[in-house]
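Here are the chains, one letter per residue:
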Amino acid sequence: MNTGCLNLNRGGEYAIAALTRLALESGKEPGKLVPVRALAESQSLPKSFLSKILEQCSRAGLITSKSGARGGVALTRPAAEISLLDILEACEGAYHRADCVFYSDRACEGTDCVVFCPLRKREEDVRLSLARTTLAEMARSLEVHPLNTVNSSVSEHQSGGR
């Protein structure tokens, strides 16, 4: 059931992971095209599935793509200017407040409501956190993560090492 609020599903999760990896690679060489296959392999995802997710990101203007043997995807703007909310809204649709948790026939009135629900406050906190967290921050975190063993596989894939 879609309540109209931001729904988090695997597509959004995979988009964040793929664009974070793309941002990490772009930080080394801005505008560099990264093959979709390399991104898919770094996340152990089928290329066709990730391609559909990246197509949504492309339609939203977050990435650009080029077909062919030397093709791939690249961020359309600096990673510091792309938020996690931008990515999730590209995959899940625009965020808007859900219906009232107390009365199903009413829209949530937010802070104008007499009983402004603590759940809605937390929902807004999450939305703000997603809006403030950028791909650049995510890439920095991934770069130093102790389990980051796939970083070299993306770079190797691009240089021809398979």
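Attention here is on the structure that accompanies the text. The shown structure was predicted, so the numbers you read here are calculated from the model rather than taken from an experiment. (Residues numbered from 1 in each chain as written. Predicted model: local features only at pLDDT ≥ 70, side-chain atom pairs only at ≥ 80, totals over all residues. Heavy atoms only, no water.)

A tally of regular secondary structure across the protein gives seven helices and two strands. For the protein, the N- to C-terminal ordering of α and β elements is α-α-α-β-β-α-α-α-α. A buried classification covers 41% of the 162 residues belonging to the protein. In the protein, once contacts between residues fewer than 6 apart in sequence are set aside, the share between residues at least 24 apart is 69%. (Helix = DSSP H or I, 4+ residues; strand = E, 2+ residues; numbered from the N terminus. Buried < 20%, exposed > 50% of the residue type's maximum accessible area, 1.4 Å probe, protein only. Contact = heavy atoms within 4.5 Å.)

Inspection of the entire model under this criterion finds one aromatic pair. Relative to Phe49, the ring of Tyr14 lies with its centre 5.6 Å away and its plane at 85°, an arrangement referred to as edge-to-face. Taken together, the residues Tyr14 in helix 1 (residues 10-28) and Phe49 in helix 3 (residues 47-59) connect sequence positions 35 residues apart. Judged by relative accessible area, which is 17%, Tyr14 ranks as buried. (Phe/Tyr/Trp six-rings, centres within 6.5 Å; stacked < 30°, edge-to-face > 60°.)

Within the structure shown, the criterion is met by five salt bridges. Ionic pairing is found between Arg59 and Glu55, a salt bridge with its closest N-O pair at 2.9 Å. Of this pair, Arg59 and Glu55 both sit in helix 3, separated by four residues, roughly a single helical turn. For Glu124, the salt bridge identified is with Arg127, shortest N-O distance 3.1 Å. Placement of the pair is Glu124 and Arg127 together in helix 5 (residues 118-132), with a separation of three residues, close to one helical turn. (Salt bridge = Lys/Arg side-chain N within 4 Å of Asp/Glu carboxyl O.)

This part takes up helix 6 (residues 135-144). Among the residues making up helix 6, those that are buried are Leu135, Ala136 and Ala139. Across the axial projection of helix 6, the buried residues extend over an arc of 100°, all falling on one side. Within helix 6, the exposed residues directed more than 90 degrees away from the buried face are Arg140 and Val144. (Arc of directions from axis to C-beta.)

Glancing now at the environment of Pro30. Within the fold, Pro30 resides in the loop between helix 1 and helix 2 (36-42). Residue class for Pro30 comes out exposed when judged on its relative accessible area of 71%. Through-space distance from the C-alpha of Pro30 to that of Ala74 is 8.4 Å; in sequence the pair is 44 residues apart.

The next thing to look at is the packing of helix 4 (residues 84-92) against helix 5. Remark: helix 4 packs on helix 5, axes separated minimally by 5 Å, with the N-to-C direction vectors making an angle of 105°. Taken together, the axes of helix 4 and helix 5 are roughly perpendicular relative to one another. Of the residues in helix 5, those in contact with Leu84, Leu85 and Leu88 of helix 4 are Arg127, Leu130 and Ala131. Per-class residue counts for the contact of helix 4 with helix 5 are five nonpolar, no polar and one charged. (Axes fitted to C-alpha atoms, helices over the stretch in contact; angles between N-to-C directions. Parallel < 35°, antiparallel > 145°, perpendicular 65-115°, else oblique. Nonpolar A, V, L, I, M, F, W, Y, C, P; charged D, E, K, R; others polar.)

Now for the pairing of strand 1 (residues 63-66). As defined by bridge partners, strand 1 adjoins strand 2 (residues 72-75) across four bridges and the pair is classed as antiparallel. By the bridge assignment, Ser65 is partnered in strand 2 with Val73. Following strand 1, the chain reverses through five residues before pairing antiparallel with strand 2; Gly68 in that reversal takes a positive phi of roughly 110°. (Pairing = 2+ DSSP bridges.)

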